[in-house]
Amino acid sequence: FASASVASASAGPGDDIAKNFCDAETKFTHWSQFQRFCMVKDLFSRATPLNTVESAWIATVLRLANQKSLEWYRKRGYQPKDMAHCQEALGGAMAAAVAASATPTVRA
């Protein structure tokens, strides 16, 4: 128990997000592009803004998913209407984050 406290105290910025993404991509039995988008949307919905490392994890995961290097359907499907709603909400959250940033940088 004590070592877990020390490990979390010394965790770097973005370590929690890194672990969440790695666990989801490698350990979850049921996982899909929809759940990935929902996870990213939830990260953008936090009260605290994303730091650089967290943003890099999100950009990397979304890029790998777009290149189909990550599974889109692992024993899990989704309704197109649900995906459309999630994509719209995620796009709005991303636009709001860029608009609120003092130094917005957008790269394709």
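About the cut-offs
Numbers given to residues run from 1 along each chain, matching the order in which its sequence is written. Selection of residues for local features in this predicted model requires a pLDDT of at least 70, selection of side-chain atom pairs for listing and counting requires 80 or more, and totals for whole chains, interfaces and linings are taken over all residues. Computation of side-chain values covers all heavy atoms of the structure but excludes hydrogens and water. Helix and strand assignments come from DSSP, with helices taken as H or I runs of at least 4 residues and strands as E runs of at least 2, each series counted from the N terminus. Burial classification: accessible surface area is computed with a 1.4 Å probe over protein chains only, and a residue below 20% of its type maximum counts as buried, one above 50% as exposed, and the rest as partly exposed. In this description, contact between two residues means that some pair of their heavy atoms is separated by no more than 4.5 Å. Note that accessible areas follow from Shrake-Rupley with a 1.4 Å probe, and for residues the cover is restricted to the protein chains shown. All axes are obtained by fitting lines to C-alpha atoms, using only the stretch in contact for helices, and the reported angles, taken between N-to-C directions, cover 0 to 180 degrees. To sort the angles, those under 35 degrees are grouped as roughly parallel, those over 145 as roughly antiparallel, those from 65 to 115 as roughly perpendicular, and the leftovers as oblique. In this scheme the crossing of two helices becomes right-handed for a clockwise turn of the near helix relative to the far one and left-handed for an anticlockwise turn of less than a right angle. Side-chain classes follow a simple rule in which Ala, Val, Leu, Ile, Met, Phe, Trp, Tyr, Cys and Pro form the nonpolar group, Asp, Glu, Lys and Arg form the charged group, and the remainder, Gly included, forms the polar group.

(A) Up close: the overall build of the protein chain. Helix and strand content of the protein chain: 5 helices and 2 strands. Helices (α) and strands (β) of the protein chain occur, in sequence order from the N terminus, as α-α-β-α-α-β-α. Per-residue burial for the protein chain yields a buried fraction of 26% across its 108 residues. Considering only intrachain contacts with a sequence separation of at least 6, the fraction spanning at least 24 residues in the protein chain is 74%. A total of about 7300 Å² of accessible surface is found on the protein chain, and carbon and sulfur atoms cover 59% of it.

(B) Looking closely at the packing of helix α3 (residues 33-44) against helix α5 (residues 80-100). Contact pair α3 / α5: the axes reach a minimum separation of 9 Å and the direction vectors enclose 30°. Between α3 and α5, the angle is such that the two are roughly parallel. Seen from above, α3 lies across α5 with left-handed handedness. Every residue of α5 that contacts α3 at Q33, F34, F37, C38, V40, K41 and F44 is listed here: D82, M83, C86, Q87, A89, L90, A93, M94 and A97. Of the residues belonging to the contact of α3 with α5, the class tally is 12 nonpolar, 2 polar and 2 charged.

(C) Examining unusual backbone geometry more closely. One non-glycine residue, K68, lies in positive phi territory at about 60°. Given the relative accessible area of 57%, K68 is considered exposed.

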